[in-house]
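# Tertiary structure, described
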Amino acid sequence: ESYFIQISDFISCFVYLFYRHVLKKESLPKRINNMVDEAFIIKILEIFKENEILKMSAGDGNEYGLAIYPRCLE
């Protein structure tokens, strides 16, 4: 059971980092700033996309199918 929780946690962590760092242009948390950069985050999401881990039909106009609420990112 814990494998599924760990996998879900890994996926949600990178989706969250993508949202905060790539879409909202916020800095990465200090504890991971030395290990992860924008290119790595995008590479992981591309792997999710290629392996159909993300539901591509969920988001409107989002390249990774992410449904982000509220719709306004400002």
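Residues numbered from 1 in each chain as written. Predicted model: local features only at pLDDT ≥ 70, side-chain atom pairs only at ≥ 80, totals over all residues. Heavy atoms only, no water.

Helix and strand counts for the protein come out as three helices and zero strands. Helices (α) and strands (β) of the protein occur, in sequence order from the N terminus, as α-α-α. Projected onto its principal axes, the C-alpha coordinates of the protein cover approximately 35 × 30 × 20 Å. Across the 74 residues of the protein, 26% fall into the buried class. Put simply, of all contacts in the protein between residues at least 6 apart along the chain, 37% involve residues at least 24 apart. In the structure as shown, the protein presents an accessible area of about 5800 Å², 55% of it carried by carbon and sulfur atoms. Between the centroid of the 9 positive side chains of the protein and the centroid of its 11 negative side chains there is a distance of 6 Å. (Helix = DSSP H or I, 4+ residues; strand = E, 2+ residues; numbered from the N terminus. Buried < 20%, exposed > 50% of the residue type's maximum accessible area, 1.4 Å probe, protein only. Contact = heavy atoms within 4.5 Å. Areas by Shrake-Rupley, 256 points an atom, 1.4 Å probe, with all protein chains shown as cover. Lys, Arg positive; Asp, Glu negative; His and termini not counted. Charge placed at Lys NZ, Arg CZ, Asp CG, Glu CD.)

With that settled, the discussion passes to helix α3 (residues 38-50). Between the first and last C-alpha of α3 there are 18 Å, a value that for 13 residues agrees with the 18 Å anticipated at 1.5 Å per step. Residues of α3 that are buried include every one of Ile41, Ile44, Leu45 and Phe48, and no others. Across the axial projection of α3, the buried residues extend over an arc of 95°, all falling on one side. Exposed residues pointing more than 90 degrees away from the buried face of α3 are listed as Ala39, Lys43 and Glu50. In this structure, the buried side of α3 is in contact with α1 (2-23). (Expected span 1.5 Å × (residues − 1). Arc of directions from axis to C-beta.)

Moving on: the nonpolar core. One finds Phe14, Leu17, Phe18, Ile41, Leu45, Phe48 and Tyr64 to be the most contacted residues of the largest nonpolar core, which totals 15 residues. Mapped onto this core, the elements with two or more residues apiece are α1 and α3. If we ignore the near neighbours within four places in the chain, the residues touching Phe14 are Val36, Phe40, Ile41, Ile44, Leu45 and Phe48. (Core = buried A, V, L, I, M, F, W, Y, C linked by side-chain atoms within 4.5 Å.)

Let's shift gears to the pattern of salt bridges. Counting across every chain of the model gives two salt bridges. Residue Glu26 pairs with Arg20 through a salt bridge whose shortest N-O separation is 2.5 Å. Note that Glu26 is salt-bridged to Lys24, the shortest N-O span being 3.5 Å. With relative accessibility at 33%, the residue Lys24 sits in the partly exposed group. Overlapping salt bridges, with partners in common, bring together Arg20, Lys24 and Glu26 in one network. (Salt bridge = Lys/Arg side-chain N within 4 Å of Asp/Glu carboxyl O.)

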